Amino acid sequence: MAHKKSTKVEGQLDFAFGVSEAAVAVMEQKAQHPKKPAGSVKKETAKPAVKKEPEDEDSKNEPKESAPRSRRKTQQIADDQIEAKAKDMASRQQEISISEFFAKNRHLLGFDNPRKALLTAIKEAVDNSLDACEEAQILPDIEVGIKQTGEDRFCVWVQDNGPGIVKSQIPNIFGRLLYGSKFHTLRMARGQQGIGISAAGMYGLLTTGKSVKIDSKTGPKSQANHYELQINTKKNRPEVIVEAPVDWPVRSGTRVEIELQARYQKGRQSVDEYLMQTAITNPHAQIRYLMPDGQERFFARSVQEVVEVPKAVKPHPYGVELGILLKMAKDSQHKTMASFLQEEFSRISERVSQEILKKAKLSARQNPHTLTHAEAEKLYQTINETKIMAPSTSCVVPIGQAELLKGLQQVVTADFYTSCTRPPAVYRGNPFQIEVALAYGGTGVGDTDDEDSDTAKNGSPNGEQELMRVLRFANRVPLLYQQSACAIFKSIMQTNWRLYGLSQSRGALPAGPVTVIVHIASVWVPFTSESKEAVAHYPEIIKEIKLAISDCGRGLGRFLRGVKRQRDEALKRSYITKYLPAIGEALKDILTLKDSQVQSVLSNLEVVLEQSRSKS
């Protein structure tokens, strides 16, 4: 009995001390009882009953001694090897060229699929041509051509009658990314960053290995120059393959030709649609379009006046961030705060600068280089609390209400047209203006056979009811992609169109034969990406778009209410003309009246009914 009790206690102790002690007992038992020969049957009673504790989460994560790989993972680096490791990691660090970055991330520039790549390449070239012609005060004559050279290869070219490009600048403009003259100036322009046309050439080089071909002539008496070049993505530098003078029978201009991997397809997000919309917002331009199938399409010039050249301005004080204000003060060449405010910002006169400095408790003679963070923060708050004149409109050139309506009427046949141009506003110190035009009724714009368009049909599976057509523009450039990510589309979706007589489902565009054009003109359009396809959601921009939409919406509401009144009146009059003859026949039978008497009664009754209808 004593022996059994002792054994029971030892078993309890083994269980209490855990798996490790139980494992020792098993090993001792195996030593006392050697292995049985192969083929012998093991009895379950020969196995010692070993109970294991349930493992908790910490014990599961702990490395086991029997796993040498786990021990290697937990092995710490020696102290004398840390510095050597840091030096080894530092030796692998290197600068990345901007060209090399975009070569690997070309989707950021709009070259993420062959169809879109074709549109992007032509768009960048056409934008540069329009900018060059307008800056030189020349009415643009542009030729756009697409020729298929293989199953998935196309040769595209764009030629203009602009001032041309100086010979020394041709390689830099077409062979270097982030090289341009518009980044540091605050004035409206289509191009901003100096990436577009050089990125198109880089895409062509990556997909076909062919060089970009450029012809340029700067005047009637100048020699035309021909270049074939490639971009070195490692160094972001051009490599000239061919450089030679050529005979080019034009007065002046530039022609760029790129062969690239692409896909041509008609539809709403195509080259055809882009050029059609470009003609709407650029009525002063004449565009000749040579299609891949050999057909030719011509967009005639409807305005014979050159577009006014926007003037560069200083940033407006509203919306300038605190950090930018501090940086401007440190970099300023002016020696006093008064001259700093008057010369570095627009719309700040001597009186306004004195008012701002007095409220901020700063001396007008203080050197802006000595401005502390606390003083800058007080100055920043004071500027935003002070009433300052709206920014000048000389830096942006809106299309204009009349011109916008004229362009819309050329491509949309409708029953009602209206437009609105908002006063200039500011976001982050950058002036901008919003223009909206609206057409109701008739036929829409362009083709509707585009599988990528998310607004061509209604939410119903059969597409029975057409939704509003939205045309977005930024600095006269059509925006065909990323509609749902754009501030313009968001503003339209957030507008309650039921107030203006249109039916609208939750989370959808209003239904009806409506075409809306929204144009933002700014010195710096806040695009969401380098591909310039959608406008960022700045509250100031959304507010101005909604106000312009509401203005056009009120005009649409008045028109639809008038149409409804006319329809109701016509319906009521149809009742009169429909039932009066029957009433006359009844009166004739009941009262035995003559035909002349019946006609007199019906005439009097018609007058009474018309008077009551007009009063109602």
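Before going into details, it helps to say that this report is about the structure given with it. From a predicted model like this one, the values you see are computed outputs, not experimental measurements.

Some thoughts on the environment of C133
Inference 1: Note that C133 resides in helix α7 (residues 114–135).
Inference 2: Taking the C-alpha atoms as reference points, C133 and D160, 27 residues apart in sequence, are found 8.0 Å from one another.
Inference 3: Discounting residues that sit within four places of it in the chain, C133 has contacts with I138, P140, D160, N161, G162 and P163.

Comments concerning the nonpolar core
Inference 1: In this structure, L118, I146 and V256 are the most contacted members of the largest nonpolar core, which totals 62 residues.
Inference 2: With eight residues, the single largest contributor to this core is α7.
Inference 3: Ignoring any residue separated from it by four or fewer positions in sequence, one finds V256 in contact with A125, V156, W157, V158, F174, I197, V212, K213 and I214.
Inference 4: The next biggest cluster of nonpolar side chains, apart from the first, holds 40 residues, and it includes A425, L438, M468 and Y500.

Overview of empty space enclosed by the protein
Inference 1: What the rule picks out here adds up to eight cavities of 30 Å³ or more.
Inference 2: Considered as a void within the structure, the largest cavity measures approximately 160 Å³ in volume.
Inference 3: In this structure, the largest cavity is lined by 14 residues; those nearest its centre are D131, E134, M188, R190 and P310.
Inference 4: Residue classes in the lining of the largest cavity are distributed as six nonpolar, one polar and seven charged.
Inference 5: The volume enclosed by the second largest cavity comes to roughly 80 Å³.
Inference 6: Listing elements by their share of the lining of the second largest cavity, those giving two or more residues are α7 and β13 (477–479).
Inference 7: Per-element accounting of the lining of the second largest cavity gives the leading share, three residues, to α7.
Inference 8: Residue classes in the lining of the second largest cavity are distributed as six nonpolar, one polar and three charged.

Considering the packing of aromatic side chains
Inference 1: Under the defined criterion, the tally for this structure stands at seven aromatic pairs.
Inference 2: Measuring from ring centre to ring centre gives 4.9 Å for F111 and Y203, while their planes differ by 20°; the resulting arrangement is stacked. Of the two residues, F111 is situated in the loop between α6 (98–104) and α7 and Y203 in helix α9 (residues 196–208); the sequence distance between them amounts to 92 residues. Each member of the pair, F111 together with Y203, is buried.
Inference 3: Ring geometry for Y427 versus F432: centroids 5.9 Å apart, planes at 65°, classification edge-to-face.

As for the pattern of salt bridges
Inference 1: According to the stated counting rule, one finds 21 salt bridges in the structure shown.
Inference 2: Between E83 and K87 there is a salt bridge, with the nearest N and O atoms lying 3.5 Å from each other. With E83 and K87 both in helix α5 (residues 79–91) and four residues apart, this pair spans about one turn of that helix. Note on accessibility: E83 and K87 belong to one class, exposed.
Inference 3: The salt bridge involving K210 is made with E259; its shortest N-O contact spans 3.3 Å. Separated by 49 residues along the polypeptide, K210 in the loop between α9 and β3 (212–217) and E259 in strand β6 (residues 253–261) bring together distant segments of the chain.
Inference 4: Overlapping salt bridges, with partners in common, bring together K123, E124, D127 and K532 in one network.

A short note on the pairing of strand β5 (residues 237–246)
The side chains of a regular strand alternate, first on one face of the sheet and then on the other.
Inference 1: Where strand β4 (residues 224–232) and β5 come together, nine bridges link them in antiparallel fashion. Residue pairing for β5: H226 is matched across the bridge by A244.
Inference 2: Taking the residues between adjacent antiparallel strands as the criterion, β4 and β5 are bridged by four residues, where N236 takes a positive phi near 55°.

So, a positive patch on the surface
Inference 1: On the surface, a cluster of positive charge is contributed by R554, R558, R561 and R565.
Inference 2: Within the fold, R561 resides in helix α17 (residues 539–591).
Inference 3: The class for R561 is partly exposed, based on a relative accessible area of 46%.

Overview of the packing of α7 against α9
Inference 1: At a closest axis distance of 8 Å, the pairing of α7 and α9 adopts a crossing angle of 140°. Between α7 and α9, the interaxial angle falls into the category oblique. Crossing handedness for the pair α7 and α9: left-handed. Judged by residue contacts, P114, A117, A121, E124, A125 and N128 of α7 engage G196, I197, A200 and Y203 from α9.
Inference 2: Within the contact of α7 with α9, the residues separate by chemical class into seven nonpolar, two polar and one charged.

Structural notes on a nonpolar patch on the surface
Inference 1: On the surface, a nonpolar cluster with roughly 380 Å² of combined accessible area is contributed by L571, Y575, Y579 and I583.
Inference 2: The topology assignment puts Y579 in helix α17.

A short note on helix α12 (residues 337–344)
Inference 1: Residues of α12 that are buried include every one of M337, A338, F340, L341 and E344, and no others.
Inference 2: For α12, the secondary structure elements touched by its buried residues are α11 (322–331), α13 (350–359) and α14 (373–385).

Points about the state of the cysteines
Inference 1: On inspection of all chains with the given rule, the structure shows zero disulfides.
Inference 2: Not engaged in a disulfide, the cysteine C420 finds its nearest cysteine sulfur in C552; these two sulfurs lie 5.2 Å apart.

Rules behind the numbers
Residues numbered from 1 in each chain as written. Predicted model: local features only at pLDDT ≥ 70, side-chain atom pairs only at ≥ 80, totals over all residues. Heavy atoms only, no water. Helix = DSSP H or I, 4+ residues; strand = E, 2+ residues; numbered from the N terminus. Contact = heavy atoms within 4.5 Å. Core = buried A, V, L, I, M, F, W, Y, C linked by side-chain atoms within 4.5 Å. Buried < 20%, exposed > 50% of the residue type's maximum accessible area, 1.4 Å probe, protein only. 1 Å grid on protein atoms, 1.4 Å probe; cavity = no way out; pocket = protein on both sides within 12 Å on 5 of 7 lines; lining within 4 Å. Points joined across faces, edges and corners; volume = space filled by probe spheres on them. Nonpolar A, V, L, I, M, F, W, Y, C, P; charged D, E, K, R; others polar. Phe/Tyr/Trp six-rings, centres within 6.5 Å; stacked < 30°, edge-to-face > 60°. Salt bridge = Lys/Arg side-chain N within 4 Å of Asp/Glu carboxyl O. Pairing = 2+ DSSP bridges. Patch = residues over 30% accessible without salt bridge, like charges linked within 9 Å, V, L, I, M, F, W, Y side chains within 5 Å. Areas by Shrake-Rupley, 256 points an atom, 1.4 Å probe, with all protein chains shown as cover. Lys, Arg positive; Asp, Glu negative; His and termini not counted. Charge placed at Lys NZ, Arg CZ, Asp CG, Glu CD. Axes fitted to C-alpha atoms, helices over the stretch in contact; angles between N-to-C directions. Parallel < 35°, antiparallel > 145°, perpendicular 65-115°, else oblique. Left-handed = near helix turned anticlockwise from the far one by under 90°. Disulfide = S-S within 2.5 Å.

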